[in-house]
Amino acid sequence: MFKQLLALVAITTLFGCSEVASPQKESVKSPSPSQQTLYYGGDIITMNGEQPEYVEAVVERDGKIVYVGDKAGAQKKFGNQGTEIDLQGKTLLPSFLDAHGHFISAIQMVQQVNVASPPMGTVEDIPQLIQKLKDYRDKNQIPAGGWIVGWGYDQDLLTEKRHITKLDLDAALPDHKVLIIHVSMHGAVLNAKALEWADIDENTQTPSGGIIARLADSNEPAGLLMEMAYMPVFEKLPQPSQEEMLELMKPAQMLYASDGYTQAIEGYTHIRDLDFLQLAAEQNKIFLDILSLPGFDQMEAWLDNPKYPFGEYHNGLKIQACKITLDGSPQGKTALVTHDYLTGGPAGEKHWHGESSISQNQLDQLTQTLFEHDVPLQIHTNGDGAIDMMIKTIESAGKTVADDHRTVIVHSQFQRPDHLPRYAELGLVPAYFTQHTYYWGDVHINNIGREAANFISPIKAAKEAGLITSNHSDFNVTPLNPFFIMWTSMARESRTGEIIGADQRIDAYTALQTLTTGPAYQVFEENRKGKIKEGMLADFVIIDNNPLKQKVSDIRNNDVVTTIKEGKVIYQR
Ligand SMILES: [Zn+2]
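Residue indices begin from 1 for each chain and proceed along its sequence in written order. With pLDDT at 70 or above as the cut-off, local features in this predicted model cover only qualifying residues; side-chain atom pairs require 80 or more to be listed or tallied, and sums for whole chains, interfaces and linings still use all residues. Side-chain descriptors were evaluated using all non-hydrogen atoms of the structure, hydrogens and water having been removed beforehand.

(A) A look at the coordination of the zinc ion. Metal sites are built from N, O and S donor atoms within 2.8 Å, or 3.2 Å for Na, K and Ca, and they leave out water, so they may look incomplete. Ligation of the zinc ion by protein atoms is provided by His100 (NE2), His102 (NE2) and Asp474 (OD), these donors lying 2.1 to 2.2 Å from the ion. Sequence positions of the residues that donate to the zinc ion give the spacing H-x1-H-x371-D. Residue His102 is located in the loop between strand E6 (96-97) and helix H4 (103-109), and its partner Asp474 is located in the loop between strand E21 (470-471) and helix H19 (482-491); the two are separated by 372 residues in the primary sequence. Like Asp474, His102 is buried. Here a strand is any run of E in DSSP of at least two residues, a helix any run of H or I of at least four, and the numbering for each starts at the N terminus. Partly exposed residues are those whose accessible area sits between 20% and 50% of the maximum for their type, while under 20% is buried and over 50% is exposed, using a 1.4 Å probe and protein chains only.

(B) Geometry of the sheet that holds strand E16 (residues 317-319). Strand order in this open sheet of five strands is E6-E13-E14-E16-E15, and the pairing throughout is mixed. Each edge of the open sheet carries a strand with a single partner, namely E6 and strand E15 (313-314). Strand direction decides the pairing type here: E15 and E16, joined by two bridges, are antiparallel. Residue pairing for E16: Tyr313 is matched across the bridge by Lys318. Each of strand E13 (261-269) and strand E14 (289-294) is contacted by helix H9 (residues 242-257), which is oriented at about 115° to E13, the strand it contacts most. Here a strand pair is declared whenever DSSP counts at least two bridges between the two strands. Whether two residues are in contact is decided by their heavy atoms, any of which lying within 4.5 Å being enough. Lines are fitted to the C-alpha atoms to define the axes, a helix being fitted only along its stretch in contact, and any angle between axes, read from their N-to-C directions, falls within 0 to 180 degrees.

(C) Looking closely at H19. Within H19, 10 of the 10 residues are buried, which leaves it mostly tucked inside the rest of the structure. Where H19 is concerned, the buried positions are Pro482, Phe483, Phe484, Ile485, Met486, Trp487, Thr488, Ser489, Met490 and Ala491. Its side-chain oxygen 2.8 Å from the backbone nitrogen of Phe483, Asn481 forms the N-cap of H19. Arg492 sits one or two positions beyond H19 and adopts a positive phi of about 45°. We call two N or O atoms a polar contact when they sit within 3.5 Å, provided that within protein one can donate a hydrogen and the other can accept it, with sequence-adjacent residues counted only if both atoms are side-chain atoms.

(D) A look at the packing of aromatic side chains. Note on aromatic contacts: the rings of Phe and Tyr and the six-membered ring of Trp form a pair at centre separations within 6.5 Å, being stacked when their planes are under 30 degrees apart, edge-to-face when over 60 apart, and tilted otherwise. All chains considered together, the criterion is met by 15 aromatic pairs. Taken together, a centroid distance of 5.1 Å and an interplanar angle of 85° make the contact between Tyr438 and Phe484 edge-to-face. Remark: Phe484 occurs in helix H19 and Tyr438 occurs in helix H15 (residues 435-439); sequence separation between them is 46 residues. Looking at Tyr438, the relative accessible area reads 10%, which means it is buried. Among the aromatic side chains, those forming a connected cluster through ring pairs are Phe96, Phe103, Tyr256, Tyr261, Phe475 and Phe483. In this arrangement the basic side chain of Lys236 is found over the ring face of Trp197, its NZ or CZ atom lying 4.7 Å from the centre. Geometrically, a charge over a ring is one whose NZ (Lys) or CZ (Arg) sits within 6 Å of the ring centre while staying within 35 degrees of the ring normal.

(E) Quick look at the environment of Lys77. In this structure, Lys77 sits in helix H3 (residues 71-78). With relative accessibility at 39%, the residue Lys77 sits in the partly exposed group. For Lys77 and Ile485, which are 408 residues apart along the polypeptide, the C-alpha to C-alpha distance reads 37 Å. Filtering out sequence-adjacent residues up to four positions away, Lys77 remains in contact with Arg61, Val66 and Tyr67.

(F) Broad picture of the sheet that holds strand E17 (residues 322-325). Taken in spatial order, the five strands of this open sheet run E17-E18-E19-E20-E21, and their pairing is parallel. Looking at the sheet topology across the chains shown, the edges are occupied by E17 and E21. Two strands pair when backbone bridges link them, and strand E19 (residues 407-411) and strand E20 (residues 428-432) are joined in this way by four bridges, in the parallel orientation. Residue pairing for E20: Thr407 is matched across the bridge by Leu428. Across the face of the sheet, helix H13 (residues 384-396) comes into contact with strand E18 (377-381), E19 and E20 while running at roughly 155° to E18.

Structure (structure tokens):
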């Protein structure tokens, strides 16, 4: 019965994407009779309050929640018109909200092959990787000479423990241009046709700061290009046309919907991409909530420009805040820290502690201007030195928690305990990134030492300091999978099994808060979504198990059954 009902809803919504595509219609009075759905028969977690709260039933009408409570009351409210969904023991909760990631990358990724190893993908050895590429060629009927681009390649996770070469690729795919992007995003392996296109051969000099791997006893390129040898190639890669990008809006959003998300963040938006997103919104191609953060480097193009109004939805798109990037990444050793990296700088510098992208003075002026224009701020700040700068700038602007400015500190990774009370006083909101404990936990211990590594993304300490926090994937830096994010925040276990800060492990309910109520608060939407509460959007996710009742080690294996945006099924497993 459950399956049939869901299938019915799916047919009436998912397959007519244009009907799905206008989640903001709540402001438009519809003459048609109300659509409504009653959900019951499983654990329904409301995410209302600091302790788990369960209800028996929820009624959705015209995209909003109109009843939350016991089944008898729900039936009274519901009457008998509409769809009844028996959860049959499954769990329903508010849908997940991306707190920080890069939606535009998702558009590019749907045209690429996932050649990652577990848990991001399924590739365990080189033959499997090559099979993936061939399957993609066949499925998409890529003609000879066409491009096959893979992502997520990590030689350390392959059985062979070596880099794939152009010889491996040419034996299987001699007629196509093949380029496999390394998981670091700082390199790729190319086959012969792609190297030819890139104009790289035995006569090409290795640029400074770059790597061109060569075949044994020869000057002939082996396929791998890294850093400065790769960057020009990456920039030259053919981009999809605007028309193709519009077509890709649906599969890109489905990457999120299939992981239970109804909100995606475009976490550093170039004006060109913002214009594209506005066009997509105009053409009703958006069925999630997409929030764009235009970059500070193009402020003159968007500040005070009526074409780019902040804080309001237009057909699913909202311009949320200005994004400032203050420093680099901890794994790249470009985060600004107050103690030298133990392993030197990225190019072997001694006494290296990273850099900020702009000076304190520039940051202060920028912050001042944005506050004067009521533009919210989201500041990429990783190292404790950059966090010190950011605290100073909020102080010099005279802002406190009383101003409710909710400046989001994106990543906030190498935080010190003394920062937390300052965040609370100044009204700063950390958006954490606990997948680092898994992907780079071991690297951080080497680079920065045990103590600082243990305190990365300290959700527990932040909560104790009274802060509302979120947790993100920085997609496509790490996978979107919300259950893997949850698991990393609860287990804090590295790839090699090291525990990265046992005292910062959190419980499942707190982990769910960082994916629902926390992200909603950060974008001033705590009264619109993130909870199951009357008057809020009917944005739900249905999953097989209740994570609040699972063993920690099982949580990462969950997957999404159904994702619902404003009452409509946008994904069905
Ligand atoms: Zn990011």
